[in-house]
Amino acid sequence: MDDKKVRVRFAPSPTGYLHVGSLRTALYNYLFARKCGGTFILRIEDTDRKRLVEDAVEKLLGTLGLFFDWDEGLVGKAENGRWGTTEKGMCGPYVQSARLDIYRKHAEELIDKGRAYRCFCSAERLEAVRKEQEARKEPTRYDGRCRNLSKEEVSKKLIEDASYVVRLRVDGGDGNITFDDAVRGKVSFLRETIDDQVLLKSDGFPTYHLANVVDDHLMGITHVIRGEEWLPSTPKHILLYEAFGWNIPQFSHLPLLLNPDRSKLSKRQGDVAVEDYLAKGYLPEALLNFVALLGWNPGEGKTQEIFSLRELVDEFDLAHVHKGGAVFDGKKLDWLNAQYIKNLSAEELFTRALPFLRQKTWFESVEDSRKESEYVARVLVIEQDRLQKLSDVGESSKFLFVEPTVDPLFLPWKKNTPKETRLLLETMLAVLADIPDNEWERGRLEKTLLETAGERRGDFLWPLRVALSGEKQSPPPHEIAWVIGKQSTLERIEKAETLLEKML
Ligand code: GLU
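This is a predicted model, so every value here is computed, not measured.

### Quick notes on the packing of aromatic side chains
Phase 1: Scanning all chains against the criterion turns up 19 aromatic pairs.
Phase 2: Measuring from ring centre to ring centre gives 5.6 Å for Trp362 and Phe401, while their planes differ by 40°; the resulting arrangement is tilted. Of this pair, Trp362 sits in the loop between α12 (346–358) and α13 (373–383) while Phe401 sits in the loop between α13 and α14 (418–434), and the two are 39 residues apart along the sequence. Each of the two residues, Trp362 as well as Phe401, counts as buried.
Phase 3: Summarising the aromatic geometry, the rings of Phe363 and Phe401 are spaced 5.9 Å apart at their centres and angled 70° between planes, so their arrangement reads as edge-to-face. Placement of Phe363 in the loop between α12 and α13 and of Phe401 in the loop between α13 and α14 is noted, with a sequence separation of 38 residues between them. As far as burial versus exposure is concerned, Phe363 and Phe401 are alike and both buried.
Phase 4: Put simply, the rings of Tyr28, Trp296, Phe307 and Phe316 pair up and form one aromatic cluster.
Phase 5: Note that Lys371 overlies the ring of Phe363, its terminal NZ or CZ placed 5.9 Å from the centroid.

And the structure:
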């Protein structure tokens, strides 16, 4: 096939959030299309009216747009206030609820060909049939009552305005439905297990199966790349392609995402919404890198783990997508995110981290001089290498913004007495007080403190660090002193001395 003709799609149902697995599906489609110069379209599958969520499409586009673009149509509302319409054909993203006539027409085409039929069975009857089958331990399926209604019977029902669905007429038989999946190889399903699928519901809306197949055909989709959970739908889709007499696209089913205990990744066991990860301070580029590696690797012997989108486009190959489930390893995501944060420029880190800092409940009450950009930038200089997420800013270093509560019992190093500790702090106070304001720099501070401490680093630097931070673990004292400035540094040491005096 001419690569330029490659057309793939991401076809989410708008649920109100973007599942991490869906982000991976969208990404693999995007990478596949970009690699071969094909087209990547976005199609909103919103025909399940019971599951409609307000503003879900806007939210979805907003989230997806943070990661990559798609073809055909601008991102924005169509003139009539809907997302994408059919009249202009090329105004994307495509939205199925705006294409109902197309599906209806195609359902009728199948009825005319004898490949589908109207089914007037009531929900109560179907339920009763199901229960009987269950009691007999048979597989539950439609019993075919309306399969062979005469034209007259159908007309009569239609005149009576009886409600109906349209079902695919699946011819029985022993054979298999077989197809070649680019990820899974040859896949077969027993034909006899396929029920007479509902194609059009009684409200006139198509089912997923009908709308999906009709659109994939009309939109010229050459490769269907989707999650493994859709694998059982594929034989039904193949029967539909056959019924219409259409070519079948190349299918690729991507491996399931698993929790570390190898159960299916589910909402109950943690976050699955991309929006939640972004809200926690994971960078879009790190998340994208992470999901790219869920079920794909660049090939044997290649150990690269950090990939830009551009590099992924160059490296991606469906042949390197695994069949087995992909474990969602949160620790790896943290590690990747930390790498990306480390590589941000100071300005970029500042812009991205500030909103997270502002969200801290205590930030409002921080004194004004510590809310200034210069101050926050200094905090970020010393925090950058320690951050796993943007929301970690100020999390374990609140003492850089608000005065710490110091427990005097933590001040002495090892077996030192309060008295000795007070003297050690006294020395530190004196050398620090001697540093002129314009030399209050990280390097200078570090040199002075180390020189003063000499061989006795623990004795000197431990109490100083606790005095400045109130914490047993924190950045080294010269860094804290540099951020909070000379005056605060001296004040905090004096406070610690007072606490020690009370213990004497
Ligand atoms: N609407 C389906 C979904 O929500 C699309 C599945 C497919 O790609 O065929 O994922």
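After that view, the rundown keeps rolling.
### Some points on the environment of Phe399
Phase 1: Locating Phe399 in the fold gives a position in the loop between α13 and α14.
Phase 2: Judged by relative accessible area, Phe399 falls into the buried class, the value being 3%.
Phase 3: Beyond its immediate sequence surroundings of up to four residues, Phe399 is in contact with Pro404, Leu468, Ser469, Glu471, Ser474, Pro475, Ile480 and Arg492.

### Quick notes on the site of the ligand
Phase 1: Every residue near the ligand is listed here: Arg9, Ala11, Ser13, Glu45, Tyr208, Asn212, Arg226 and Trp230.
Phase 2: In this structure, Glu45 approaches the ligand through a side-chain N or O atom, which is 2.6 Å from a nitrogen atom.
Phase 3: Within the complex, 85% of the 300 Å² of free accessible area of the ligand lies under protein.
Phase 4: Its residues assigned to classes, the shell around the ligand comprises three nonpolar, two polar and three charged.

### Looking at the packing of helix α1 (residues 20–35) against helix α9 (residues 284–292)
Phase 1: One can describe the packing of α1 onto α9 by two numbers: an axis separation of 9 Å at closest approach and a directional angle of 80°. Relative to α9, the element α1 is oriented roughly perpendicular. Judged by residue contacts, Val20, Leu23, Arg24, Leu27 and Tyr28 of α1 engage Leu288, Val291 and Ala292 from α9.
Phase 2: Considered class by class, the residues forming the contact of α1 with α9 number seven nonpolar, no polar and one charged.

### Regarding the pattern of salt bridges
Phase 1: With the rule as written, the count across this model stands at 37 salt bridges.
Phase 2: The salt bridge involving Glu426 is made with Arg422; its shortest N-O contact spans 3.7 Å. In this pair, Glu426 and Arg422 both sit in helix α14, four residues apart, roughly one turn of the helix.
Phase 3: The salt bridge involving Glu479 is made with Arg442; its shortest N-O contact spans 3.3 Å. Taken as a pair, Glu479 in helix α17 (residues 477–484) and Arg442 in helix α15 (residues 442–453) lie far apart in primary sequence, 37 residues in all.
Phase 4: Within the structure, one salt-bridge network assembled from shared partners comprises Arg9, Arg43, Glu45, Arg99, Asp215 and Asp216.

### Quick word on the state of the cysteines
Phase 1: Considering all chains together, one arrives at zero disulfides under this definition.
Phase 2: Not part of a disulfide, Cys119 finds its nearest cysteine sulfur in Cys121, a span of 3.9 Å.
Phase 3: Here Cys119 falls in the buried class, since its relative accessible area comes to 2%.
Phase 4: In this structure Cys146 is a free cysteine whose sulfur lies 3.7 Å from that of Cys121, the closest cysteine sulfur available.

### Some thoughts on the nonpolar core
Phase 1: The biggest cluster of nonpolar side chains holds 104 residues, and the ones touching the most others in it are Leu23, Leu64, Phe68, Leu400, Phe401 and Leu432.
Phase 2: Sorting elements by how many residues they give to this core places α1 first, with nine residues.
Phase 3: Not counting residues within four places of it along the chain, the set of residues in contact with Phe401 comprises Leu357, Trp362, Phe363, Val366, Arg370, Tyr375, Val376, Val379 and Gly394.
Phase 4: Of all hydrophobic cores here, the second largest spans 34 residues; its members include Ile41, Leu210, Leu239 and Tyr241.

### Some points on the side chain of Thr489
Phase 1: Relative to the elements of secondary structure, Thr489 occurs in helix α18 (residues 486–503).
Phase 2: Ignoring sequence-local partners within four residues, the contact set of Thr489 consists of Leu432, Trp440, Leu468, Ala481 and Ile484.

### Topic: the packing of α14 against α18
Phase 1: The contact between α14 and α18 brings their axes to 9 Å, and the two run at 160°. Considering the angle they form, α14 stands roughly antiparallel to α18. As α14 packs across α18, the resulting crossing turns out to be left-handed. When α14 is examined against α18, the residues Pro418, Thr421, Arg422, Leu425, Glu426, Leu429, Leu432 and Ala433 are found in contact with a partner set consisting of Lys486, Thr489, Leu490, Ile493, Glu494, Ala496, Glu497, Leu500, Glu501 and Met503.
Phase 2: Tallied by class, residues from the contact of α14 with α18 come to 10 nonpolar, two polar and six charged.

### Focus on the confidence of the model for the chain
Phase 1: Taken over all residues, the pLDDT of the chain has a mean of 93, while the share at 70 or more is 95%.
Phase 2: Contacts for the low-pLDDT stretch residues 74–91, under 50 throughout, to residues beyond four places or in other chains number 31 contacts.

Scoring rules and cut-offs
Residues numbered from 1 in each chain as written. Predicted model: local features only at pLDDT ≥ 70, side-chain atom pairs only at ≥ 80, totals over all residues. Heavy atoms only, no water. Phe/Tyr/Trp six-rings, centres within 6.5 Å; stacked < 30°, edge-to-face > 60°. Helix = DSSP H or I, 4+ residues; strand = E, 2+ residues; numbered from the N terminus. Buried < 20%, exposed > 50% of the residue type's maximum accessible area, 1.4 Å probe, protein only. Lys NZ or Arg CZ within 6 Å of the ring centre and 35° of its normal. Contact = heavy atoms within 4.5 Å. Near = heavy atom within 4 Å. Polar contact = N/O pair within 3.5 Å; in protein donor to acceptor, adjacent residues only side chain to side chain. Areas by Shrake-Rupley, 256 points an atom, 1.4 Å probe, with all protein chains shown as cover. Nonpolar A, V, L, I, M, F, W, Y, C, P; charged D, E, K, R; others polar. Axes fitted to C-alpha atoms, helices over the stretch in contact; angles between N-to-C directions. Parallel < 35°, antiparallel > 145°, perpendicular 65-115°, else oblique. Salt bridge = Lys/Arg side-chain N within 4 Å of Asp/Glu carboxyl O. Disulfide = S-S within 2.5 Å. Core = buried A, V, L, I, M, F, W, Y, C linked by side-chain atoms within 4.5 Å. Left-handed = near helix turned anticlockwise from the far one by under 90°. pLDDT = per-residue confidence, 0-100.

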